[in-house]
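Fold and contact review
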Amino acid sequence: IKNKIETAVVEVGTNTGYRFTLTDMTDKEDNVYYLCVTAADKAGNEAVRTCRFSLNRKGSVYDMTQVAALVQNQYRTKEKMSDLEIVEMNVDMVEEFDLYISKNGELGTKAVFVKEISGSESTGYTYVYKIDKTNFTEEGAYRLSLYSRDRAGNEINNASELHGKEITFIVDNTAPKVILDGTWSDSKGGAGPCALQIVVTDNFSLAEAEFMLVNNDTVLERWDYMALAGEGETLSITLPAYEEEVALVYRVKDAAGNEAQQRFDKQTVEEKNKAEKDRGALYHDSLAPVSYGGILAVLAGLALVVVVGLFLYWRRENAKYL
């Protein structure tokens, strides 16, 4: 931030130094500030020192650098979550502090954390709250709020905003789901999928989804699902039958980093369909063959039964008058 500084020469024994005074902090808002000083002499010797201080006219101020980083990159997996740290600074003693966590809009519960205190009445107090990542192991949308009261009676109640934004983030441990529906077309010399409908969904936010038609390590076709359709939408593609053996490969990834990959070739599809047929269920997450001939045969059989039934009923009714 821009600030006026007064400079003065200071004699310290046989050494000469400089004193810099910040003169216009009065109009700055209550907050945590960092003053970084870099000094170098003509011989190239250099020294750096950073000091943290706070303006505190309305009670506690907070350094929530780690929380801000979490809010900015809002999606995390349980494995990527780390312990959080909130620093509270107050010229007076803080007599009460509580941190509340709500998940998926539920009523907030008190978080588990460790408190470290430093400082004195002459220097002010610094409180470091270390919040264990085990508070955020379950999947869901989290919201943090805090309550603080110092000895002078200043209260921070339900502080749930950071720079005008809610303190929210999402823990997502589930990979995106891919639904493939289509037919497998046989032809001389090889086989290949000819018509596919693809839908990719995620429980929170889908980031990437790529589909490729490959022959060994050679990519024959490539589709960017996000660019062509978008999350939850249907992507329809039509493929010719290839003479060589081909496979459909996909890679999907959500905003938290959960990733899934799968390869479908003729053998994979036949094995999956056989397993589903054996247990009398339809398989919706593969390239499922469709047989219209079987459906027509069933309908024809039902029609024949209906015709015969009507004929017998007619004979019985008209026999009364013969």
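To start, this report covers the structure provided alongside it. As the structure is a prediction and not an experimental result, all values here were calculated from the model.

Another point: the pairing of strand β19 (residues 206-215). Taken across its 10 residues, β19 has 7 buried, putting it largely inside the fold. The sheet contact formed by β19 and strand β22 (residues 247-254) spans 8 bridges and is antiparallel. Paired with E208 across the bridge in β22 is K253. Bridging between β19 and strand β20 (residues 218-224) involves 6 bridges; their strand directions are antiparallel. Paired with E210 across the strands is D224, a residue of β20. What sits between β19 and β20 in their antiparallel hairpin is a turn of 2 residues, with N216 showing a positive phi close to 60°.

Ranked by internal contacts, the top residues of the largest apolar core, which has 24 residues, are M64, I86, F97, L99, F136, L144 and F169. If you list the elements that add at least two residues to this core, you get α1 (65-72), β7 (84-90), β8 (94-103), β11 (124-131), β12 (140-150) and β16 (168-171). Residues V178, Y242, L248 and V252 belong to the second largest nonpolar core, which totals 21 residues.

Okay, the pattern of salt bridges next. The final tally for this structure, using the stated rule, is 13 salt bridges. Put simply, D24 and K28 hold a salt bridge, and the shortest N to O gap is 3.9 Å. Using a relative accessible area of 16% as the deciding quantity, one classes K28 as buried. E95 is paired through a salt bridge with R149; the nearest N and O atoms lie 3.1 Å apart. Remark: R149 occurs in strand β12 and E95 occurs in strand β8; sequence separation between them is 54 residues. Where salt bridges share partners, they join D24, D27 and K28 into one cluster.

Once that is clear, we can look at a nonpolar patch on the surface. A cluster of nonpolar residues, I5, V9, Y18, F20, L22, L35 and V37, forms a patch on the protein surface that exposes about 670 Å² of accessible area. Counting residues per element, the ones that place at least two in the nonpolar patch are β1 (5-12), β2 (15-22) and β3 (32-40). For the nonpolar patch, the leading source of residues is β2, giving 3 residues.

Our next topic: unusual backbone geometry. In this model, N104 sits at a positive phi of 55°, which is unusual for a non-glycine residue. In this structure, N104 sits in the loop between β8 and β9 (109-110). The partly exposed category is assigned to N104, whose relative accessible area is 47%. Within the chain, N216 stands out as a residue other than glycine whose phi angle is a positive 60°. Mapped onto the fold, N216 is located in the loop between β19 and β20. Given a relative accessible area of 59%, N216 falls into the exposed group.

Rules behind the numbers
Residues numbered from 1 in each chain as written. Predicted model: local features only at pLDDT ≥ 70, side-chain atom pairs only at ≥ 80, totals over all residues. Heavy atoms only, no water. Buried < 20%, exposed > 50% of the residue type's maximum accessible area, 1.4 Å probe, protein only. Helix = DSSP H or I, 4+ residues; strand = E, 2+ residues; numbered from the N terminus. Pairing = 2+ DSSP bridges. Core = buried A, V, L, I, M, F, W, Y, C linked by side-chain atoms within 4.5 Å. Salt bridge = Lys/Arg side-chain N within 4 Å of Asp/Glu carboxyl O. Patch = residues over 30% accessible without salt bridge, like charges linked within 9 Å, V, L, I, M, F, W, Y side chains within 5 Å. Areas by Shrake-Rupley, 256 points an atom, 1.4 Å probe, with all protein chains shown as cover.

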